[in-house]
Amino acid sequence: MINYDKPKEIGISILRKWIFIFLVGEIIFFSIAGTNYFSLKNIQNILVSSTTVLLLATGETFVIITGGIDLSVGFMVGFSSVVCAKIMVNLEAAGFSQLLAITIGILAALLVGLIPGFINGFLVAKLRVPSFIATFGMYGIAYGFAEIICNNVPVHNLPTSLGSLGHGYLFYWLPGKIFSFLSKPENLTREELKHLVSIIPNVTVITFIFIAIFAFILAKTKFGQHTYAIGGNINAAERAGVNIEVHLIKVYMISSFFASLAGVMYVLQFITGRAPAGSARLIDAVVAVVIGGASLSGGKGTVMGTFIGAMIIGALEIGLVNLSVPTYNLHIAVGCILIFAVLIDQFSPELIQTEGEI
Amino acid sequence: MEPLLEVKNITKRFGGLTAVDNVSMKIYPGEVIGILGDNGAGKSTLIKVISGVHHAEVGQTFFEGRRVKINNTMEALKIGIETIYQDLALAENMNVYSNIFLGREKLKKFLGLVDVLDHEYMHSESKKVLNRLEIKIPSLKNKIRNLSGGQRQAVAISRSIYWNAKLLIMDEPTAALGVAEQKKVLNLVKTLSSQGVSIIMISHQLHDVFSVATRLIIMRRAKKVAERITKKTSADEVVGLIVGSLPGDYIEDSEEKR
């Protein structure tokens, strides 16, 4: 138990939770300064537009904790979106039902997406290639393959029912009348449709489920514990009997899995597959992880911190649009927050527990 | 009494260089012995042979009376030979009890489905072993990063003791410590010895070795040149043996003699 008696300790523990306070402050600021910022619709809008960053950053958290970095995820999103879309289009053309085409497309994209992660992990763990180099190589390779697969043009004519999945919501609610699950209530008048409240986008539901699962794995399991140990002292972990090579390969596969999932979510959201999809989000993802308390030298970070880091960026982005501020200001703001985050981390003292003398 | 560990006629060569030349030694349960010698005398190589890092070309190892062949460090750990390296092999970003259980985490079922870390168990077990060794660390939830050098040393030692080390090999355990901390580590060595753990200690600090070891083995140029009971020798004599100004008097038992 942490002893909160002294004011200094309270100060430290608040400082260490600054990102959460920052996020709340940001939302309060935009809610006051903007128009309709603090509304169900806009909050959901923030969540949906943060999907790619949230997913990439969650996977990246594992890699960064081990002391590495995975740059390949930038183009892995596009690669996976193209694979996913192409398979769906071809299967539907070959006479498969839409449901089957969509299911196979998604599963295949997720499965194929594990391969680059395996190669990254193998290069880093077995052949001792610096992760920056290995994954940067894969970054280009993934992009090249994506362009080959889609012949340099975005994949179109996807199964039409994708939209109801990608643009759907978990709940629909007509105030005072109907509450429905997963699909819109039928036979609504035009007037009623206007008042229909859509709650929690499907894309966000899927994103949150995977983030929660991997947050649990990192925080609670032996796998998570060993991930931290590798980042803290790889020799110590090895001497303690952790299979470093297998573990690192798994970590890079987790990262590429999340990138592929982001690609699939892209297809669901935009009903297309594009080679450069999501590539601009690579830096945001790494920034989110660092804002969330991870250190690029490894050993530190949490999925929860990363989540808040990603939401800080997402809330800021939508907030600036809401205030009609030109988007290049976003880069200035994110840059400042990143540097601020690292400074706070560097100079804030750690809370040392004195209670519980043994 | 049967020796815990006995090595006979160990020879280890690196190419043309003989790092350890026909060395034999014994250690009994609960005994602390010091291996002394100048840089390059072969002390480190000798302990690395015992702990499974190096492979001796010639020689035999007996552990608890049985002939053993230790091919790697994991095998050494399994039979109860633990080495505390100078870098201590701790993950500094993790707390005390996580380090003690690193690689051998205690798990429990979460909702009857998945295995999760059992923090309470690891915490209380770690507390027990630290208490047994009379080690005081403010809280086991503190990260190693926030501990002093001596406390880190204590954590590394507790870890090996928790996992039933019978023989502890310590390479320069006091080298990086302040005076007060050195004393604590030496006291810990005495506590361990009184609890039946055997310790081989390498140190350049003669004073440290004299204060805890009952027997000294002096090496010079890959050979064991002398063996002394600590009480019956002096620092001057030992230094003389280390630098070679006194002639060695140790004669290797050969197999035929017995």
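What counts as what
Residues numbered from 1 in each chain as written. Chains lettered and ligands numbered in written order. Predicted model: local features only at pLDDT ≥ 70, side-chain atom pairs only at ≥ 80, totals over all residues. Helix = DSSP H or I, 4+ residues; strand = E, 2+ residues; numbered from the N terminus. Expected span 1.5 Å × (residues − 1). Contact = placed C-beta atoms within 7 Å. Pairing = 2+ DSSP bridges. Axes fitted to C-alpha atoms, helices over the stretch in contact; angles between N-to-C directions. Domains from an automatic or database assignment. Nonpolar A, V, L, I, M, F, W, Y, C, P; charged D, E, K, R; others polar. Parallel < 35°, antiparallel > 145°, perpendicular 65-115°, else oblique. Buried ≥ 20, exposed ≤ 12 C-beta atoms within 10 Å, placed from the backbone.

A.B. asks: Residue-level account of helix α4 (residues 119–132) of chain B, with values.
C.D. replies: All names here are of chain B. The terminal C-alpha atoms of α4 lie 20 Å apart, and with 14 residues this matches the ideal 20 Å at 1.5 Å per residue to within 8%. In this fold, the buried residues of α4 make contact with α3 (96–100) and α5 (149–162). Residue glutamate 134 follows α4 closely and has a positive phi angle near 55°.

A.B. asks: Break down the sheet that holds strand β1 (residues 169–174) of chain A for me, citing the residues and quoting the values.
C.D. replies: Residue and element names in this part refer to chain A. In spatial order, the strands read β2-β1-β3; together these three strands make up an open sheet with antiparallel pairing. Two strands close off the open sheet at either side, each with one partner strand: β2 (178–181) and β3 (197–201). The sheet shows a mean angle of 15° between the axes of neighbouring strands, direction not considered. Here helix α11 (residues 202–220) sits on the sheet and contacts β1 and β3; the angle it forms with β3, its principal contact strand, is near 30°.

A.B. asks: Can you explain the interface of chain A and chain B? Please cite residues and give values.
C.D. replies: Size of an interface, as often reported, equals the accessible area lost when the parts are brought together. Taken together, the contacts link 26 residues of chain A with 28 residues of chain B. For the side of chain A that touches chain B, the secondary-structure elements that each account for two or more residues are α12 (222–232) and α13 (234–239) of chain A. For the side of chain A that touches chain B, the element with the highest residue contribution is α12(A), accounting for six residues.

A.B. asks: Quick rundown of the domain arrangement of chain B? Include the residues and the values.
C.D. replies: Residues and elements named next belong to chain B. Considered domain by domain, chain B is made up of domain 1 (1–80 + 166–258) and domain 2 (89–163). Here the C-alpha centroids of domain 1 and domain 2 sit 29 Å apart. Among the elements that take part in the side of domain 1 that touches domain 2, helix α6 (residues 179–194) stands out by supplying six residues, more than any other. In terms of residue class, the side of domain 1 that touches domain 2 is built from eight nonpolar, one polar and two charged.

A.B. asks: Pulling in residues and values, what's your account of the packing of α11(A) against helix α16 (residues 303–322) of chain A?
C.D. replies: Residues and elements named next belong to chain A. At a minimum axis separation of 9 Å, α11 and α16 run at an interaxial angle of 140°. Comparing their axes, α16 and α11 come out oblique. In this structure, α11 uses Ile211, Phe214, Ala215 and Leu218 to contact α16, whose residues at the interface are Val303, Met304 and Phe307. For the contact of α11 with α16, the class distribution of residues is seven nonpolar, no polar and no charged.

A.B. asks: Help me get a handle on the sheet that holds strand β2 (residues 17–27) of chain B, residues and values and all.
C.D. replies: Residues and elements named next belong to chain B. Within the open sheet, the four strands sit side by side as β2-β1-β4-β5. Their pairing is antiparallel. Each edge of the open sheet is held by one strand with a lone partner, namely β2 and β5 (66–68). For this sheet, the mean inter-axis angle between neighbouring strands, taken without regard to orientation, is 30°. As paired strands, strand β1 (residues 5–14) and strand β4 (residues 58–63) are joined by five bridges and run antiparallel to one another. When the sheet's bridge partners are listed, lysine 8 is paired in β4 with glutamine 60.

A.B. asks: So what about the environment of Val209(B)? Which residues, and what values?
C.D. replies: All names here are of chain B. Following the sequence through the fold, valine 209 ends up in helix α7 (residues 206–212). Take valine 209: there are 23 C-beta atoms within 10 Å of it, and that puts it in the buried class. Expressed as a C-alpha distance, the spacing of valine 209 and glutamate 75, which sit 134 residues apart in the sequence, is 28 Å. With near-sequence residues (within four places) excluded, valine 209 lies in contact with Gly34, Leu36, Met201, Ser203 and Leu216.

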